[in-house]
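# Reading the structure
Spelled out from the first residue to the last, the chains are:
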Amino acid sequence: MVRLSVLLSLAMIAPIASNGAQRPKNEAAYLSSVENEAMAENAKSPLGVGAGEAAQRAEGGATQPAESTVAETPSPTEIKRSHEALGGATKDTGAKSGMVVDGADKGHDWWWRHAVIYEIYPRSFQDSNGDGIGDINGITSRLDYLKDLGIDAIWITPMYPSPGIDYGYDIADYTSIDPEYGTMEDFDRMVAAAKERGIRVIMDYVINHTSDQNPWFKESRSSRDNPKRDWYVWKDGKLGPDGKMGPPNNWQSWFGHSAWTWDEQTKQYYYHYFYVQQPDLNWRNPEVRKAMYGVLEFWMKHGVSGFRIDAVSRLFEDPEWRDDPYLPGYNAYGDRNIRHQYTDDLPEVHDVLRELHSVVAAYPGDQVLVTEADEPDIAALTKMYGANADEVQLPMDFQIADVNELSAVKFRKLFNEVETNTAHGQPEYFFSNHDQPRQWDRYGDGTHNDQIAKLMATLLLTTRGTPQMYYGEEIGMRTTDPARIEDVHDPIGKLGWPKEKGRDGERTPMQWTAGHNAGFTTNAKPWLPVPSTAAMYNVETESQNPDSIFNTYKRLLSLRKSEPALRDGDYEAIDENDTHVFAYLRKAASESIVVALNMSAQPRTISLQQAGATAEALYRSPLGEGGTSPETLSLAHVTLAPFGVVVAKVK
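Described below are features of the structure shown in this document. Treat the numbers as computed from the prediction; the structure is a model and nothing was measured.

Moving on, we get to the packing of helix α8 (residues 286–300) against helix α9 (residues 348–361). Relative orientation of the contacting elements α8 and α9 amounts to 35°, with a least axis distance of 10 Å. Considering how the two elements wind past one another, α8 and α9 form a crossing that is right-handed. Where α8 abuts α9, its residues R289, Y293, L296, E297 and M300 lie against D351, V352, E355, L356, V359 and V360.

Attention now goes to the packing of aromatic side chains. For the structure on display, the rule yields 41 aromatic pairs. Residues W260 and W321 carry aromatic rings whose centres are separated by 6.0 Å and whose planes lie at 55° to one another, so their mutual orientation is tilted. Residue W260 is located in strand β9 (residues 260–263), and its partner W321 is located in the loop between β11 (306–310) and β12 (326–330); the two are separated by 61 residues in the primary sequence. When its relative accessible area of 4% is taken as the criterion, W260 is described as buried. An aromatic cluster is defined as three or more aromatic residues linked by ring pairs; in this entry it consists of F411, F415, Y429, F431, Y443, Y571, F582 and Y584. One cation-aromatic arrangement involves R123 over W527; the distance from NZ or CZ to the ring centre is 4.5 Å. Geometry around Y471 places R438 over its ring, the cationic atom sitting 4.8 Å from the centre.

Strand order in the open sheet formed by six strands is β18-β19-β20-β25-β22-β23, with antiparallel pairing between adjacent strands. The open sheet has two edge strands, β18 (570–574) and β23 (632–634), and neither has a second partner. Here the average twist between neighbouring strands, direction ignored, is 35°. Bridging between strand β19 (residues 581–588) and strand β20 (residues 591–598) involves eight bridges; their strand directions are antiparallel. In the sheet register, A583 faces β20, and the bridge partner there is A596. Where helix α12 (residues 408–419) meets the sheet, it contacts β18 and β19, and its direction lies at approximately 30° from that of β19.

On the surface, L239, M245 and W262 cluster together into a nonpolar patch covering about 320 Å² of accessible area. Its place among the elements puts M245 in strand β8 (residues 245–246). Here M245 falls in the partly exposed class, since its relative accessible area comes to 48%.

Next up on the list: the side chain of Q436. Residue placement: Q436 occurs in the loop between β16 (428–429) and α13 (439–442). Take Q436: its relative accessible area is 2%, and that puts it in the buried class.

The next point concerns the sheet that holds β11. Sheet architecture is open: eight strands sit in the order β15-β14-β11-β5-β4-β3-β17-β16, paired in parallel fashion. What marks the edges here is a single partner per strand, and that holds for β15 (394–395) and β16. Sheet analysis places strand β14 (residues 368–371) next to β15, joined by two bridges and oriented parallel. Among the inter-strand pairings, V370 is bridged to a residue of β15, identified as L394. The strands that α8 touches are β5 (200–206) and β11; relative to β5, the one it contacts most, it runs at about 160°.

Scanning the entire structure with this criterion turns up 38 salt bridges. Here D152 and K561 are joined by a salt bridge, their closest N and O atoms 2.8 Å apart. With a gap of 409 residues between them, D152 in the loop between α5 (143–149) and β4 (153–156) and K561 in helix α17 (residues 549–562) connect regions that are remote in the sequence. D152 sits in the buried class, given a relative accessible area of 18%. Under the relative-accessibility criterion, K561 is labelled partly exposed at 43%. With its nearest N and O atoms 3.7 Å apart, the salt bridge here joins R314 to D344. With a gap of 30 residues between them, R314 in the loop between β11 and β12 and D344 in the loop between β13 (336–338) and α9 connect regions that are remote in the sequence. Grouping residues by exposure puts R314 and D344 together as buried.

With that settled, consider the pairing of strand β10 (residues 268–271). Burial along β10 is two-sided: the face carrying Q268 and Y270 and the face carrying Y269 and Y271 are both buried. Bridge count for strand β6 (residues 234–235) against β10 is two bridges, and the pairing is antiparallel. Note on β10: the bridge partner recorded for K235 is Y269. Bridge count between β9 and β10: four bridges; the pairing is antiparallel. Within the sheet, the bridge partner assigned to W260 lies in β10 and is Y271. Between β9 and β10, which pair antiparallel one after the other, the connecting turn spans four residues, and K267 there sits at a positive phi close to 60°.

Analysis parameters
- Residues numbered from 1 in each chain as written.
- Predicted model: local features only at pLDDT ≥ 70, side-chain atom pairs only at ≥ 80, totals over all residues.
- Heavy atoms only, no water.
- Axes fitted to C-alpha atoms, helices over the stretch in contact; angles between N-to-C directions.
- Helix = DSSP H or I, 4+ residues; strand = E, 2+ residues; numbered from the N terminus.
- Left-handed = near helix turned anticlockwise from the far one by under 90°.
- Contact = heavy atoms within 4.5 Å.
- Phe/Tyr/Trp six-rings, centres within 6.5 Å; stacked < 30°, edge-to-face > 60°.
- Buried < 20%, exposed > 50% of the residue type's maximum accessible area, 1.4 Å probe, protein only.
- Lys NZ or Arg CZ within 6 Å of the ring centre and 35° of its normal.
- Pairing = 2+ DSSP bridges.
- Patch = residues over 30% accessible without salt bridge, like charges linked within 9 Å, V, L, I, M, F, W, Y side chains within 5 Å.
- Areas by Shrake-Rupley, 256 points an atom, 1.4 Å probe, with all protein chains shown as cover.
- Salt bridge = Lys/Arg side-chain N within 4 Å of Asp/Glu carboxyl O.

What follows is the structure, encoded as structure tokens:
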């Protein structure tokens, strides 16, 4: 999660009864009882999934036979065995057993290799009950739209019970639905309806921290000898040069000021990489790991096909508590800039990723893990796949997302690096999400923004990898920041105003029609205002224009499914010395498709004879005189308009 220079991350969950079972009014007491039961049952399962399995038992599920009494961090083999003992299915992988090496198994048709993932920010997608806030039933009502668009999976940002400090990324209950969004029955209906349409559901798994209102943290801060004290990161203060007690070290929160907050009751500091209300879990504690793996099991039993793992690189802190080095200058919050050397990307992260892989691999359906992996370079990103393709299938590629300029040279270099990654892992590309200003603004030049939006769509949907779209991207939605601090919802906008205006601008309601509130809600006041640009940029209006951004996405998504070279083909850069046009081939069997993108504001005439003599244009932007009619191109001389593109099948 990223907002300009501000990287964000988080979201979490806690225990609940599934299948719509009624919960007692005293939620905290119920959660505590479930978790206590889970801890008592840890001796009966090498995984000790805790909350997830305890919730199943609370609903009348059968308990399992005892296998171990050791409460240690489970190994991948132990995780697999525990799933089998608990009735979890393993994948049918022929002669293979145990760990599934997803990325290396070319013989298996992994669905996520050729899927298109669509991120939904549920507050802003569709309101079904007129309260001004999007909800689960609203998502269900738009599944036919997503199917028609060509979407294979939806990633939904957090919908769990939360105080809303970080709009759901501060989780009070990991295994329930916030009433603001609906009920567990609504969720189950949505998953079933999506499955009927060939659409899979990916949940946001906020792994680094919880809300300070989570029952786990309430217990942890209640006393120093509470059993859950070590579920979070607590530390004594340190005397400063002035003789006053201060934080243990100089670690900073990503959202400004010290990452340590004093707890008066227990006379210690607790650590939070993000907001004060988002205390970090202690992933060195085996009980934390077991409980969090139970969360995965809970949602997979509700039909989820995978998880997007939030802020994964922040899971561990330096056990020696060393100060981070300072950098020149100050941030938007008035703090000295700092390099998060001792709180980011510690090697233990990969141990957790391997364990997570084992948990999901024990369930049928080719579950997928996607990580928010804002790594400093492609080499670091490559490590997320695992040495044996046993960690994450799809690490999100922030390197390509954040080029933030139309540069054929830079894009070519990065795509070539990804293609030659030593793990041979599947790339996962995106250009917008709920933490970044929309790509229409970041890549636009102010004059050709709509044409550039079509170029970016072509780049995303014709390269080799798994594309991830952000709701509204397909209609060219713009970032619309608040004009006044009084209108800001996002806490980082309130903290950093006016240098940092927050992330409200990229989270405005989806624009379905040119009518009242863009068809998002019947409420007079949606939770965020609908931009005035919705009158032109909306699904209803753009669907009538063959050359609209919306129809560009539809056409490209259709080609991606119908053309084997775009769906499964290899990637090969061509004409690599051109500083203005990024061109490449996609090849499968005897079929080749050439793609050329003019990343300059001047028309360009190029030769693509390296690909062949002639080709049939599958898509051109802007559309020519013949519109969408078939057109044969001479690859010796291909003329591209400013920011123009061509996608053509070589004859």
